[in-house]
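Here is what each chain is made of, one letter per residue.
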Amino acid sequence: MAGETVITVVGNLTGDPELRFTPSGSAVANFTIASTPRTFDRQTNEWKDGETLFLRSSVWRDAAENVAETLTKGMRVVAQGRLKSRSFDTKEGERRTVMELDVDEVGPSLRYASAKVTRTQRNNAGGNQGGFGGGNAGAPAGGGNNAAPAGGGNNAGGGWGAPAADPWSTPSTAGNNGGGWGAGNDEPPF
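Residues numbered from 1 in each chain as written. Predicted model: local features only at pLDDT ≥ 70, side-chain atom pairs only at ≥ 80, totals over all residues. Heavy atoms only, no water.

Caption draft 1: Examining the overall build of the protein chain more closely. Scanning the protein chain from terminus to terminus reveals 1 helix and 8 strands. In the protein chain, the succession of helices and strands from N to C terminus is β-β-β-β-β-β-α-β-β. Burial analysis of the protein chain (190 residues in total) assigns 34% to the buried set. For the protein chain, the computed accessible surface area is about 11,700 Å², with 48% contributed by carbon and sulfur atoms. (Helix = DSSP H or I, 4+ residues; strand = E, 2+ residues; numbered from the N terminus. Buried < 20%, exposed > 50% of the residue type's maximum accessible area, 1.4 Å probe, protein only. Areas by Shrake-Rupley, 256 points an atom, 1.4 Å probe, with all protein chains shown as cover.)

Right, dumping it as structure tokens:
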């Protein structure tokens, strides 16, 4: 949406993500990212920590389940999303406003760690929910430890090309049951 503030935050999780479900069944994972800037002081010849930013964050649907399965307290993460302000009244009747991050993408930082990426297998009803490789179950893709938001699904719409195609290449119309991103849609399946 136009006019939204999109930011990228790098920091550590202050606790394990909390996975909850709305009454309609949508998954949401809430977590806090602590980001502390560091600067080098040339006079003392040492690094100094600045003021820590604690940013409450939430991610929805399949990505929420992947986050809950993958990320844990203390992990360094990279999160990108839209900054939102929320106002509420305290028990004492004071009006407060907080800034929160509505996460679009999140994963472990690989600066000081390594991760093994595994694509989650989800069966999507309705067909034509092609993954990167198309076919019936999709192919490996990016994400975090043990997780990556993905399409796949039965009778997938050809994904990003033929089943053995390079997942990072330009989408093509070749593939199974419809080709491209699926059934003539101009947008990717995510």
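There is more to say after this.
Caption draft 2: Inspection of the packing of aromatic side chains at higher detail. Overall, the coordinates contain 1 aromatic pair when judged by the stated rule. Measuring from ring centre to ring centre gives 5.3 Å for Phe40 and Trp47, while their planes differ by 65°; the resulting arrangement is edge-to-face. Classification of Phe40 as partly exposed rests on a relative accessible area of 39%. (Phe/Tyr/Trp six-rings, centres within 6.5 Å; stacked < 30°, edge-to-face > 60°.)

Caption draft 3: Representation of the environment of Glu4 in the model. On the secondary structure map, Glu4 appears in the segment before strand S1 (5-13). Along the sequence, Glu4 and Gly81 sit 77 residues apart, while their C-alpha atoms lie 9.6 Å from each other. Other than its neighbours up to four places away in sequence, Glu4 contacts Arg82 and Lys84. (Contact = heavy atoms within 4.5 Å.)

Caption draft 4: Looking closely at the pairing of strand S7 (residues 76-89). As defined by bridge partners, S1 adjoins S7 across 8 bridges and the pair is classed as antiparallel. Residue pairing in the sheet places Thr8 in a bridge with Gln80 of S7. Between S7 and strand S8 (residues 95-108), which pair antiparallel one after the other, the connecting turn spans 5 residues, and Gly93 there sits at a positive phi close to 85°. (Pairing = 2+ DSSP bridges.)

Caption draft 5: Up close: the pattern of salt bridges. Enumeration according to the criterion identifies 11 salt bridges in this entry. A salt bridge links Arg56 to Glu18; the shortest N-O distance between them is 3.6 Å. One end of the pair, Arg56, is in strand S6 (residues 53-60); the other, Glu18, is in strand S2 (residues 18-21), and 38 residues separate them in sequence. Taking relative accessible area as the criterion, Glu18 reaches 34% and is therefore assigned partly exposed. Taken together, the salt bridges that share partners define one network made up of Glu4, Arg82, Lys84, Asp102 and Asp104. (Salt bridge = Lys/Arg side-chain N within 4 Å of Asp/Glu carboxyl O.)

Caption draft 6: Spotlight on helix H1 (residues 61-70). Of the residues making up H1, those classed as buried are Ala63, Ala64, Asn66, Val67 and Thr70. Summarising the axial view, the buried residues of H1 lie within an arc of 165°, below the 170-degree limit, and thus occupy one face. Of the residues in H1, the exposed ones pointing more than 90 degrees away from the buried face are Arg61 and Glu69. Those residues of H1 that are buried lie in contact with S2, strand S3 (27-35), S6 and S8. (Arc of directions from axis to C-beta.)

Caption draft 7: A look at the side chain of Asp102. Within the secondary structure layout, Asp102 lies in strand S8. Looking at Asp102, the relative accessible area reads 18%, which means it is buried. Every residue in contact with Asp102, bar those within four places of it in the chain, is listed here: Ser58, Trp60, Gly81, Arg82 and Lys84.

Caption draft 8: Just the pairing of S1, in detail. Summarising the sheet, S1 and S3 pair through 2 bridges and their orientation is antiparallel. Bridge pairing in S3 links Asn12 to Ala34.

Caption draft 9: Expanded view of the nonpolar core. In this structure, Leu13, Phe31, Ile33, Val59, Val67, Leu71 and Leu101 are the most contacted members of the largest nonpolar core, which totals 17 residues. Those elements that place two or more of their residues in this core are S1, S3, S6, H1, S7 and S8. Ranked by the residues each element gives to this core, the list is headed by S3, at 4 residues. In this structure, Ile33 is in contact with Val9, Gly11, Asn12, Leu13, Leu53, Phe54, Leu55, Ser57, Val77 and Ala79, ignoring residues within four places of it in sequence. (Core = buried A, V, L, I, M, F, W, Y, C linked by side-chain atoms within 4.5 Å.)

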